[in-house]
Amino acid sequence: MKLQKWKNPLVTGTVILTLTGLLSRFIGFFYRIFLSNVFGAEGMGIYQLISPVLALSFALTVSGIQTAISKYVASETSTHDYKTSFRTLWTGFILAMSLSIAAALYIYLCADWIAATLLLESRTAPLLRIIALSIPMATVHSCINGYFYGIRKTAIPAVSQLAEQICRVGSVYLIYHICRQHGTTPTISFAVVGLVIGEGASMIVSVIAILSRAHQVFPARDYQSGTKRLSSPYRRIMGQLLQLAVPLSANRLIINLLQSIEAIYIPNRLMAYGLNNADALGVYGVLTGMSLPLILFPSAITNSISVLLLPIVSEADASGNTSAVKRAIMTSIRYCLFLGFGCTAMFLLLGRTAGRMLFHSELAGSFILTLSFICPFMYIASTLNSILNGLGKTAQTFLFSVVSLLLRLLFVFIAIPVYGIKGYLWGTLASQMLQTLLCTVSALHISHKAHRAV
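Residues numbered from 1 in each chain as written. Predicted model: local features only at pLDDT ≥ 70, side-chain atom pairs only at ≥ 80, totals over all residues. Heavy atoms only, no water.

A. Focus on the overall build of the protein. Within the protein, the regular secondary structure consists of 18 helices and 0 strands. Burial status across the protein gives 53% buried among its 454 residues. By sequence separation, contacts in the protein at least 24 residues apart represent 82% of the contacts at least 6 residues apart. As presented, the protein carries roughly 20300 Å² of accessible surface, and 68% of it is formed by carbon and sulfur atoms. (Helix = DSSP H or I, 4+ residues; strand = E, 2+ residues; numbered from the N terminus. Buried < 20%, exposed > 50% of the residue type's maximum accessible area, 1.4 Å probe, protein only. Contact = heavy atoms within 4.5 Å. Areas by Shrake-Rupley, 256 points an atom, 1.4 Å probe, with all protein chains shown as cover.)

B. Main features of the environment of Met44. Topologically, Met44 is positioned in helix α2 (residues 9–49). Met44 sits 244 residues away from Thr288 along the chain, and the two C-alpha atoms are 8.3 Å apart. When near neighbours in sequence (up to four residues on either side) are disregarded, Met44 contacts Arg32, Leu35, Ser36, Gly285 and Gly289.

C. Region of the structure containing the nonpolar core. Ranked by internal contacts, the top residues of the largest apolar core, which has 79 residues, are Leu35 and Leu128. Leu35 has contacts with Gly40, Met44, Tyr47, Val172 and Ala191, leaving out every residue within four places of it along the chain. Among the nonpolar cores identified, the runner-up in size contains 26 residues, and Met97, Ile151, Ala209 and Val217 belong to it. (Core = buried A, V, L, I, M, F, W, Y, C linked by side-chain atoms within 4.5 Å.)

D. Geometry of the pattern of salt bridges. Taken as a whole and assessed by the stated rule, the structure comprises 6 salt bridges. A salt bridge links Glu42 to Arg123; the shortest N-O distance between them is 3.1 Å. One end of the pair, Glu42, is in helix α2; the other, Arg123, is in the loop between α5 (111–118) and α6 (125–132), and 81 residues separate them in sequence. Relative accessible area serves as the criterion here: at 28%, Glu42 is assigned to the partly exposed category. On the basis of relative accessible area, Arg123 is assigned to the partly exposed category, the value being 37%. Within the structure, one salt-bridge network assembled from shared partners comprises Glu42, Glu121 and Arg123. (Salt bridge = Lys/Arg side-chain N within 4 Å of Asp/Glu carboxyl O.)

E. Geometry of the environment of Ile264. Tracing the chain through its elements places Ile264 in helix α11 (residues 234–273). A relative accessible area of 10% places Ile264 in the buried class. Leaving out residues up to four positions away in the same chain, Ile264 has contacts with Leu49, Leu118, Leu119 and Leu120.

F. Representation of the environment of Pro126. Residue position: Pro126 is located in helix α6. For Pro126, a relative accessible area of 41% gives the class partly exposed. For the pair Pro126 and Ala115, spaced 11 residues apart in sequence, the C-alpha separation works out to 9.0 Å.

G. Spatial organisation of the packing of α11 against helix α12 (residues 277–296). Contact geometry of α11 with α12 gives a least axis separation of 8 Å together with a crossing angle of 135 degrees. Classified by the angle their axes make, α11 and α12 are oblique. Our pair here, α11 against α12, has a crossing hand that is right-handed. Mapping the contact onto sequence places Ala263, Ile266, Pro267, Leu270 and Met271 in α11 and Asn277, Ala280, Leu281, Val283 and Tyr284 in α12. When its residues are assigned to classes, the contact of α11 with α12 shows 9 nonpolar, 1 polar and no charged. (Axes fitted to C-alpha atoms, helices over the stretch in contact; angles between N-to-C directions. Parallel < 35°, antiparallel > 145°, perpendicular 65-115°, else oblique. Left-handed = near helix turned anticlockwise from the far one by under 90°. Nonpolar A, V, L, I, M, F, W, Y, C, P; charged D, E, K, R; others polar.)

H. Spotlight on α6. Of all 8 residues making up α6, 6 are buried, and the element is well covered by its neighbours. Within α6, the full set of buried residues consists of Ala125, Leu127, Leu128, Ile130, Ile131 and Ala132.

I. Geometry of the layout of surface pockets. By volume, the second largest pocket amounts to about 390 Å³. Around the second largest pocket sit 19 residues that line it, and Pro52, Val53, Leu56, Ile114 and Leu118 are the ones nearest its centre. Residue assignment for the lining of the second largest pocket shows that the elements contributing at least two residues are α3 (51–78), α4 (82–109), α5 and α11. Considering each element in turn, the lining of the second largest pocket owes the most residues, 6 residues, to α11. (1 Å grid on protein atoms, 1.4 Å probe; cavity = no way out; pocket = protein on both sides within 12 Å on 5 of 7 lines; lining within 4 Å. Points joined across faces, edges and corners; volume = space filled by probe spheres on them.)

J. Structural context of the packing of aromatic side chains. For the coordinates displayed, the defined rule picks out 8 aromatic pairs. Centroid distance Phe86 to Tyr147: 6.2 Å. Interplanar angle 80 degrees. Geometry classified as edge-to-face. You can see Phe86 sitting in helix α4 and its partner Tyr147 sitting in helix α7 (residues 134–150), a full 61 residues away along the chain. You can call Phe86 buried: its relative accessible area is 13%. (Phe/Tyr/Trp six-rings, centres within 6.5 Å; stacked < 30°, edge-to-face > 60°.)

This is how it looks when you write it as structure tokens:
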């Protein structure tokens, strides 16, 4: 019985993704400590300001397509139609790559305008030109990972993620030591170069994996005829992918746009509170580059579950297995509550000590204490969001995210100028509680309907 449980794709897949996710987070966490010690709070603030551009480009180019690939590949895998699954991947890849190349060119050519007008910080312009190179690479491995999530081969995305983190961190460490040996001062641009190198490594791992998979799907004797047949269903597959990917991408684009406004205006509103530009960027850097990564560290577990729940719930829903849907909902809530309250207790006890020892910052410790209360709500919301998406409730999850983000933006523009960064922390807690409440009510309603149908 225990052996069968461990053969369950949700259990084994979650274990693989969680272990590699925790290892990746562990590496990345100490990498953040290294960056904060080398470049300081203000440097971290400038580095974090380019995150909205990356998030928006990902939402526009590949996020919806990756989810669509995973969903349709999962449905086709249940019927063992592996060749159609491969065609789905190839069609989605062509769509996403076309968008990513256009986005990369735009960011590279308009970096100065984006930095000064949108990010309100001209020093981010050279960083934007560097990260533009990473966008097509990220598109390649995102599409391929979506395929492997759909066929439940989670080891490939796990290795890809780990390769990205190791190469990113290793390359920045190497560049840093070379600069020190030559007596030059490293700049935050080197961290962005490491990001591009990491994306390249992840792309290489993913491409090798999918080429190996292609030779399994299309044996040598059938490869030429199989590839010729690829062209015939493109139009139908493209229509299916776009039908799901367009609303998903639009939803994520709007959500990422709201998150970008939030990220850009936190330093701006801190200056309205009375801080100068350097101090505002410093506070922003401590919050987003030091405290939040520590709070988010345990979410590697819930992120792994969330990624795998979508295709599994989609398949259960397609086959009418309502009891499996109900079990997924109730199990997710139970384990996320357990993990969340445990993490809250740990951060409350050790938050100040962690801020001093890891980041040499009392402010970071103070942020960790306040943010610790969001853990149960954040973990539940992330898993229930994935379940609701798998059940086709994308409009609901989009609405829930937008409502919670608008509440947080209200705190950014109204509370920060009056109460400083504490106003933003209160807004973060309030918005996360609201989103979790909305997701839980919706999921429990579906669970109740599933129970009545059994």
